[in-house]
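# Structure at a glance
Now for the letters of each chain:
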Amino acid sequence: MEFFEHLKSYLSEEEIILLKESLEQPSKHALLLNTEKMEEDTLLNIYPLLKKHPLVKNGYLYDKNVYDLGRSIYHELGCFYLQEPSAMVVAYLLNPEENDTVLDLCAAPGGKTIQASLLMNNKGVIVANDISKNRALAILENAERMGRGNLVITNNDFSLISDNYHTYFDKIIVDAPCSGSGMFRKNNLMEKDWSYQKVLKYREIQKSLILMAYHLLKVGGTMVYSTCSFSFEENEEVISYLLDNSDAEILPLNHPLFYVNKKCPYGVHLLPCIFPGEGHYLCLIKKKGVTKNQNRLLNKSKLSFNIVDNGYSFFTQYGPYLYLQDKALNLKPLNIIRNGVKVGKIDKNEIRYDYHYARFVKDFPNKLAISEEQLRRYYLGESLDINFPKGYVLLTYQNLHVDIAKSDGRTIKNRLPKGLRKKFY
Ligand SMILES: C[S@@+](CC[C@H](N)C(=O)[O-])C[C@H]1O[C@@H](n2cnc3c(N)ncnc32)[C@H](O)[C@@H]1O
């Protein structure tokens, strides 16, 4: 079946024409501000042509021909995350809170995880999982850059371990793998690659993911199901399947920019002919009943080091490495890529601080403000000839944390992870 033909299951002829026209328009882009690093006024002073997102707090639309934000210093220093404007509505409507235990089941490269972590003010915990190890490593890269500490990044097929986490999570994001029609404008290949068989194949995967995720949700908990597909089969039909096989309840969502399927009003579509984005579908689901706190917390075990911990209580040591968590989970058979913040490597009575910790920590005993020229050189992997007392020093640029480097009295040795070296334009 042809793509526009199959949309007739819920869109009228006129709506299909409008959608078709909108798919010929240029893509829309947005950023999510990290207010821990940069205030709104500062952002708007630097990029005065940003426009507020119609719904999402701290979200801004931008024109890629005006601002090449992916290559800016402020992006590298974790001041914002670049995210597709309709994708940003998903975690925003789920609204995770500071003390929540959240699961982002299909999390890579981490857009919704990062947004949830920002909404939670780096408190509580999010298990950010992806079945693909390579893709899960992309979550780690984004989490470090953005200074996120309340994440456990994992690489699992949850269907194999789901019984260990039955009714465990307060909130769950299921941003399911899909046929990807909401990516047509961004990536022409997606359109060439689209087939109705693919839609049907993903529908089956989505049905098993949503039912499994519901099993992991606490009584009284909330879950969001989303895809970047326009297909009824991958959206409303998957929700129908959940409703037929559980006691799930759909929560109402209202906004003039949302499109609701008139025949089957489950969830909402963010169509590019109505909403300034590439296209998304989402549905908020609740498990009936009252939430009970079922988390099993570990005991607090402080080490003798004097560490700025941003109010986090839990220290975990794996081999020589020290990690810090706000909410420590008793994690059964998970392949863990990162649990909380990597503080550094313990070497005799010293800690060799990690770049992740530099981005996360709110303050540090020794700080040094560097110039733009020095920042550029540091990012190229060079050491800096600066007289500074011996020891570890947090390098800052415009009060933004760059890295924790080590001074020998005359030189600040470069400790930036090699993979992050780059030239700024
Ligand atoms: C739409 S993408 C997720 C995008 C991500 N939520 C974000 O906002 O950046 C879907 C992801 O699901 C992952 N995936 C596919 N099957 C999965 C499964 N059974 N369990 C967990 N992740 C899965 C894919 O590797 C892919 O990274």
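Residues numbered from 1 in each chain as written. Predicted model: local features only at pLDDT ≥ 70, side-chain atom pairs only at ≥ 80, totals over all residues.

### Let's talk about the overall build of the protein
A count of helices and strands for the protein gives 12 helices and 22 strands. Against the globule reference of 22 Å for 425 residues, the protein gives a C-alpha radius of gyration of 23 Å, in line with a compact fold. Each principal axis of the C-alpha atoms in the protein carries an extent, and together these give about 70 × 50 × 35 Å. Out of the 425 residues in the protein, the part that is buried amounts to 44%. Partitioning the contacts of the protein with sequence separation of at least 6, the portion at a separation of at least 24 is 72%. (Helix = DSSP H or I, 4+ residues; strand = E, 2+ residues; numbered from the N terminus. Rg over C-alpha atoms; globule rule 2.2 N^0.38 Å. Buried ≥ 20, exposed ≤ 12 C-beta atoms within 10 Å, placed from the backbone. Contact = placed C-beta atoms within 7 Å.)

### Brief notes about the pairing of strand β6 (residues 125-129)
Counting buried positions along β6 yields 5 of 5 residues, so the element is predominantly enclosed. Relative to β6, strand β5 (residues 101-104) runs parallel, the two sharing 4 bridges. Considered in β6, the bridge of D104 is made with A128. Chirality of the crossover, the property in question, places the unit of β5, helix α6 (residues 111-119) and β6 among those that are right-handed. Following the chain from β6 across helix α7 (residues 133-145) to the adjacent parallel strand β7 (residues 151-154), one finds a crossover that is right-handed. (Pairing = 2+ DSSP bridges. Right-handed = clockwise from strand over helix to strand, strands pointing away.)

### Re the site of the ligand
Residues in contact with the ligand amount to 19 residues; listed here are only the nearest, C106, A108, G111, I131 and D175. Grouping the amino acids of the shell around the ligand by side-chain chemistry returns 10 nonpolar, 4 polar and 5 charged. (Near = placed C-beta within 6 Å. Nonpolar A, V, L, I, M, F, W, Y, C, P; charged D, E, K, R; others polar.)

### Remarks on the sheet that holds strand β3 (residues 59-62)
Spatially, the 4 strands line up as an open sheet ordered β2-β3-β1-β4, and their pairing is antiparallel. Each edge of the open sheet is held by one strand with a lone partner, namely β2 (51-52) and β4 (80-83).

### Quick word on the nonpolar core
The biggest cluster of nonpolar side chains holds 109 residues, and the ones touching the most others in it are I172, V174, A213 and Y225. Looking at which element gives the most residues to this core, the answer is helix α9 (residues 196-216), with 7 residues. In contact with A213, other than residues within four places in its own chain, are L105, I172, V174 and M223. (Core = buried A, V, L, I, M, F, W, Y, C linked by C-beta atoms within 7 Å.)

### What about the sheet that holds strand β13 (residues 314-318)?
Sheet architecture is open: 4 strands sit in the order β13-β14-β16-β17, paired in antiparallel fashion. Each having just a single partner strand, β13 and β17 (350-353) make up the two edges of the open sheet. Within the sheet, the average angular offset between the axes of one strand and its neighbour, ignoring direction, is 35°. (Axes fitted to C-alpha atoms, helices over the stretch in contact; angles between N-to-C directions.)

### Observations concerning α7
Given 3.6 residues per helical turn, the α-helix brings residues three or four places apart onto the same face. Helix length check: α7, at 13 residues, gives a terminal C-alpha distance of 19 Å against a target of 18 Å (1.5 Å per residue), a fit within 8%. What α7 keeps buried is the set A136, I139, L140, N142, A143, E144 and R145. Tucked into the core, α7 has its buried residues touching α4 (73-76), α6, β6, β7, β15 (336-339) and α11 (355-360). G147, located one to two residues past α7, shows a positive phi value of around 65°. (Expected span 1.5 Å × (residues − 1).)

### Focus on the confidence of the model for the protein
Summarising the model, the protein shows a mean pLDDT of 92, and 96% of its residues fall at 70 or more. Predicted confidence is poor over residues 293-301, with pLDDT under 50, and the contacts of this stretch with residues over four places away or in other chains come to 13 contacts. (pLDDT = per-residue confidence, 0-100.)

### As for unusual backbone geometry
A negative phi holds for most residues other than glycine; trans holds for most peptide bonds. In this model, A108 is joined to P109 through a cis peptide bond whose omega is 5°. Examined against the element boundaries, P109 turns out to sit in the loop between β5 and α6. Phi at N121 takes a positive value of approximately 55°, unusual for a residue other than glycine. The topology assignment puts N121 in the loop between α6 and β6. Residue N121 is classed as partly exposed on the basis of its C-beta count, with 13 C-beta atoms lying within 10 Å.

### Quick word on the packing of α9 against helix α10 (residues 236-244)
The relative placement of two packed helices is expressed as an angle between their axes plus a distance between the axes. Where α9 contacts α10, the axes come no closer than 9 Å and their chain directions differ by 40°. Put simply, α9 runs oblique to α10. The crossing of α9 and α10 is right-handed. Contacts between α9 and α10 involve R203, Q206, K207, I210, L211 and Y214 from the former and E237, V238, Y241 and L242 from the latter. Per-class residue counts for the contact of α9 with α10 are 6 nonpolar, 1 polar and 3 charged. (Parallel < 35°, antiparallel > 145°, perpendicular 65-115°, else oblique. Left-handed = near helix turned anticlockwise from the far one by under 90°.)

### Considerations on the environment of T113
Along the chain, T113 falls in helix α6. Remark: the alpha-carbon pair of T113 and Q25, spanning 88 residues in sequence, is separated by 29 Å. The contact partners of T113, leaving out residues within four places of it in the chain, are D104, A107, I126, A128, I139 and L151.

### What to know about the environment of H53
Following the sequence through the fold, H53 ends up in the loop between β2 and β3. Residues H53 and L32 lie 21 residues apart in sequence; the distance between their C-alpha atoms is 9.4 Å. Residue contacts for H53: discarding those within four places in its chain leaves A30, G59, Y60, L61, P85 and M88.

### Considerations on the pairing of strand β9 (residues 217-227)
Taken across its 11 residues, β9 has 9 buried, putting it largely inside the fold. As judged from the 6 bridges shared by strand β8 (residues 169-175) and β9, these two strands associate in the parallel manner. Looking at β9, one finds that F169 is bridged to L217. Judged from the 6 bridges that link them, β9 and strand β12 (residues 280-286) form a sheet pairing that is antiparallel. Within β12, the position partnered with T227 by the bridge is Y281.

### Observations regarding the environment of K57
Following the sequence through the fold, K57 ends up in the loop between β2 and β3. Residue K57 is classed as partly exposed on the basis of its C-beta count, with 13 C-beta atoms lying within 10 Å. As for K57 and L32, which are separated by 25 residues in sequence, their C-alpha atoms are 8.5 Å apart.

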